[in-house]
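Residue strings, one per chain:
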Amino acid sequence: MPPDLQLGTLGAWVPRSLPAGELTSLATALEDAGYGTVWISGGGEPGVFGPVSAVLGATDRITVATGVVNIWMETPASVTEAWHRLEEQHPGRLLVGLGISHAPLVAAAGAGIYDKPLARTRGFLDALDAEPDPLPPGRRVLGALGPKMLALAAERTAGAHPYLVTVDGTARARAGVGPDRLVAPELGVVLEPDLPAARDLARQALTRYLGLPNYTDNWSRSGFTADDLADGGSDRLMDALVALGGPGAVARRVAEHREAGADHVAVQVLGPRPHAADAFRALAGELR
C-alpha cells in the first residue's frame, strides 16, 4: 500500500513552532528548491492542522505531511474533520502521520496514563476507520520504531515515518513493514565542516531525546548502550544519528538510508541556523 500521493525521494522536516510567516516562507522556498514533501512536526499540543493549512495555502504543488500528529492531543474526529477540510481545499497534497508520543511528555501535559501504546494506537486507527468517509489508509503513516508498531503500520497504513533513526534503524523499518510499504525516515543534519564542533551542535539539538525510552530502546537495537547516552551522547551515537559536515557528507548518509530501504528521506537542518532556507537549498542541489 504505497501512499496515494507523490512524496518524491527528498523531503524537508521542519517544526511547527516556527513563526507563521517564517514557516510559510520556508515552505515556498522548499517547493522552489524541488523538495517533494515538507514534514511539519506535530508537537505536544493540539492544533497542528493550523500550520499545515497555512503551508498548503502558501504553496502550489509540494506535498505536506504531519510528522507526526500526537494521538494524545488530537481525536479521531478532529483528524477526520481536518482531513476532509484540507483535502477539499488542496486535493491530493496531504499525508497524515500519526504517532503515540512519549510517556514523559504525555504525563507533563496531563493528557492521561501512557499505557499499552500499541493497543492505544490500534484503537485510534479503529476509531478513525469508524468515522464517516474516513481518512484512507493510503493517506496516513505511523511514526513507528519498534517491531510491533512497524507491523501495525504495515497492516493499517501506507507505511512508517521513523524519527531519529540510524541507517540500521531504517533497515529494521524496511524489514518491519515489508517491501510494499513506505519507509520515510527523518534525518538530522549539521552543516559544519569541523567534526568536533558539528558533534557538539548535534548534542545540543538531541539532548532532550536521550531520556525518551521510545528512542533509547530503538537505539539499543542497534547496539548502543547506556554509556552512549551519558554526558549528552557519545561521539559514536552522534555520528550514527546525524549527518555531519558539508552537503557532500549529507548526500552520502542519505544514500546509505536509501540503500537500507528508505523510499524517501526527510532532512532536518540542525545547528546554529536551523531551518535556514539557504541551507535547504544547498542540500537540495547536492541531493536531488
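Scroll up to find the structure.
Residues numbered from 1 in each chain as written. Predicted model: local features only at pLDDT ≥ 70, side-chain atom pairs only at ≥ 80, totals over all residues. Heavy atoms only, no water.

Caption draft 1: Broad picture of the overall build of the protein chain. In terms of helices and strands, the protein chain carries 13 helices and eleven strands. Taken over the C-alpha trace, the protein chain has a radius of gyration of 18 Å; the compact-globule value for 288 residues is 19 Å, and the two agree within 12%. Projected onto its principal axes, the C-alpha coordinates of the protein chain cover approximately 55 × 40 × 35 Å. Counting all 288 residues of the protein chain, 55% fall into the buried class. For the protein chain, the share of sequence-separated contacts (at least 6 apart) that also reach a separation of at least 24 residues comes to 73%. Surface accessibility of the protein chain: about 11400 Å² in total, with carbon and sulfur atoms responsible for 53%. One way to put it: in the protein chain the 25 positive side-chain charges average out to a point 2 Å from where the 33 negative ones average out. (Helix = DSSP H or I, 4+ residues; strand = E, 2+ residues; numbered from the N terminus. Rg over C-alpha atoms; globule rule 2.2 N^0.38 Å. Buried < 20%, exposed > 50% of the residue type's maximum accessible area, 1.4 Å probe, protein only. Contact = heavy atoms within 4.5 Å. Areas by Shrake-Rupley, 256 points an atom, 1.4 Å probe, with all protein chains shown as cover. Lys, Arg positive; Asp, Glu negative; His and termini not counted. Charge placed at Lys NZ, Arg CZ, Asp CG, Glu CD.)

Caption draft 2: Structural view of the pattern of salt bridges. A full pass over the atoms with the stated rule returns 14 salt bridges. The partner of R203 in a salt bridge is D200, with the nearest N and O atoms 3.3 Å apart. Placement of the pair is R203 and D200 together in helix α8 (residues 195-206), with a separation of three residues, close to one helical turn. For R203, a relative accessible area of 15% translates into the label buried. On the basis of relative accessible area, D200 is assigned to the partly exposed category, the value being 41%. Several salt bridges share partner residues, and in doing so they unite R199, D200, R203, D235 and D239 into one network. (Salt bridge = Lys/Arg side-chain N within 4 Å of Asp/Glu carboxyl O.)

Caption draft 3: Layout of α8. Taking 1.5 Å as the rise per residue, α8 with twelve residues should run 16 Å; its terminal C-alpha atoms sit 16 Å apart, in good agreement. Considered for burial, the residues of α8 that qualify are A198, R199, L201, A202, R203 and L206. Next to the buried residues of α8 lie β9 (186-190), α11 (235-241), β10 (242-244) and β11 (265-270). Of the residues flanking the start of α8, the one acting as N-cap is D194, its side-chain oxygen 2.9 Å from the backbone nitrogen of A197. (Expected span 1.5 Å × (residues − 1). Polar contact = N/O pair within 3.5 Å; in protein donor to acceptor, adjacent residues only side chain to side chain.)

Caption draft 4: Up close: the packing of helix α2 (residues 49-58) against helix α3 (residues 76-89). α3 packs onto α2 with a crossing angle of 5° between their chain directions and a minimal axis gap of 11 Å. With respect to each other, α2 and α3 are oriented roughly parallel. Residues F49, V52, S53 and L56 of α2 lie in contact with α3, whose contacting residues are V79, A82, R85, L86 and Q89. (Axes fitted to C-alpha atoms, helices over the stretch in contact; angles between N-to-C directions. Parallel < 35°, antiparallel > 145°, perpendicular 65-115°, else oblique.)

Caption draft 5: Region of the structure containing the side chain of N70. Within the secondary structure, N70 sits in strand β4 (residues 69-70). For N70, a relative accessible area of 6% translates into the label buried. N70 has contacts with G43, G44, G99 and S101, leaving out every residue within four places of it along the chain.

Caption draft 6: Fine view of the environment of V48. Here V48 lies in the loop between β2 (37-40) and α2. In this structure V48 comes out as buried when scored by relative accessible area, which is 2%. Taking the C-alpha atoms as reference points, V48 and L187, 139 residues apart in sequence, are found 21 Å from one another. Discounting chain neighbours no more than four positions away, the residues touching V48 are R16, S41, G42, T66, V69 and E74.

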